[in-house]
Amino acid sequence: SVDAIRISGGKVRFTDASRTDVFKTVLGDIRIDVDALSTEKGKTAAASLALSTEVGESIGLKGNLSLAPVGSEGTLAVGKLALGKYAPYYRDRVLFDVMRGSLDLQTGYAFAQSPEGDRFLLDGLAVSVSELRLRQREEKEDFLEIPAFSVKEARFDPGLKEIAVGEIATGKGRIGSCDTSAASR
């Protein structure tokens, strides 16, 4: 067993050249804290992770961690995720560009590995998208503008093939006309 693991002030420069458009980011202010990590069956460690990116995005994870069996539960928070930044991962699958928009997410999570099958759950999920603007390629105007959109009190359980949503809210959005046929490209 390990009494404590501490990493503070870490930085990672990440480049993914496997995409048509190369993706690059810098993860900074990385902090990892783990207390009482053990390979003994049933023992859990307190663990947390925090980091930010070069554009002000943030990720925070706090909970417990078990190595035997492998599992974790706790909370996850993602702040100001810049949606357009990740275009190299979705651009070839959609007929539009994300001109602007950010995502915030908070949720409880649970993951457990077992001989009967892995279990994964998100509970108390809240997602909000701010200032979303989408534009078809080759066009001059956005076809979709949503200043604010949120989903609250959601639960996602892929093992049960279940999604439950407590609330969906939006306001002051605008939808323009758009041609979604691939033949027109």
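Residues numbered from 1 in each chain as written. Predicted model: local features only at pLDDT ≥ 70, side-chain atom pairs only at ≥ 80, totals over all residues. Heavy atoms only, no water.

**Q** How should I be thinking about unusual backbone geometry in this particular structure?
**A** A negative phi holds for most residues other than glycine; trans holds for most peptide bonds. Of note, the bond from Ala 68 into Pro 69 is cis; its omega dihedral lies within 30 degrees of zero at -5°. Here Ala 36, not a glycine, exhibits a phi torsion of approximately 65°, which is positive. Counting through the fold element by element, Ala 36 comes out in strand β2 (residues 23–37). With relative accessibility at 44%, the residue Ala 36 sits in the partly exposed group. Positioned with a positive phi, Lys 80 is a non-glycine residue whose angle comes to about 55°. Within the secondary structure, Lys 80 sits in strand β5 (residues 70–82). (Helix = DSSP H or I, 4+ residues; strand = E, 2+ residues; numbered from the N terminus. Buried < 20%, exposed > 50% of the residue type's maximum accessible area, 1.4 Å probe, protein only.)

**Q** Would you mind going over the pattern of salt bridges with me for this structure?
**A** Oppositely charged side chains may form a pair once their charged atoms are brought near each other. Tallying each qualifying case throughout the model produces 14 salt bridges. The salt bridge involving Asp 35 is made with Arg 6; its shortest N-O contact spans 2.6 Å. Taken as a pair, Asp 35 in strand β2 and Arg 6 in strand β1 (residues 2–16) lie far apart in primary sequence, 29 residues in all. The salt bridge partner of Glu 162 is Arg 155, with a shortest N-O separation of 3.9 Å. What makes Glu 162 partly exposed here is its relative accessible area of 35%. (Salt bridge = Lys/Arg side-chain N within 4 Å of Asp/Glu carboxyl O.)

**Q** I'm lost on the pairing of β1 in this one. Help?
**A** Every regular strand shows the same layout, with side chains that alternate between the two sheet faces. Note that β1 and β2 share 12 bridges and pair antiparallel. For Asp 16, the partnering residue across the bridge sits in β2 and is Phe 23. Connecting β1 to the antiparallel partner β2 that follows it, the hairpin turn spans 6 residues. (Pairing = 2+ DSSP bridges.)

**Q** What should I look at first to understand the packing of aromatic side chains in this one?
**A** A ring pair, where both rings are aromatic, is described by two values, the distance of the centres and the angle of the planes. Counted by the stated rule, this structure contains 4 aromatic pairs. On the numbers, 5.8 Å between centres and 70° between planes, the contact of Phe 96 with Phe 143 is edge-to-face. Linking Phe 96 in strand β6 (residues 96–112) with Phe 143 in the loop between β7 (119–136) and β8 (144–157), this pair joins segments that are 47 residues apart in sequence. What links up through ring pairs into an aromatic cluster is the set Phe 14, Phe 23, Tyr 86 and Tyr 89. (Phe/Tyr/Trp six-rings, centres within 6.5 Å; stacked < 30°, edge-to-face > 60°.)

**Q** Hey, could you run me through the pairing of β5 in this one?
**A** Judged from the 10 bridges that link them, strand β4 (residues 58–67) and β5 form a sheet pairing that is antiparallel. Of the residues in β5, the one forming a bridge with Gly 60 is Ala 77. The antiparallel hairpin formed by β4 and β5 contains 2 residues in its connecting segment. Of the pairings in the sheet, the one linking β5 to β6 comprises 10 bridges and is antiparallel in character. Across the sheet, the residue bridging to Ser 72 is Phe 111, located in β6.

**Q** Could you clarify how one ought to interpret a nonpolar patch on the surface in this entry?
**A** Together, Phe 149, Ile 163, Val 165 and Ile 168 make up a nonpolar patch on the protein surface, roughly 390 Å² of accessible area in all. Looking at where Val 165 falls in the secondary structure, it is placed in the loop between β9 (162–164) and β10 (167–171). (Patch = residues over 30% accessible without salt bridge, like charges linked within 9 Å, V, L, I, M, F, W, Y side chains within 5 Å. Areas by Shrake-Rupley, 256 points an atom, 1.4 Å probe, with all protein chains shown as cover.)

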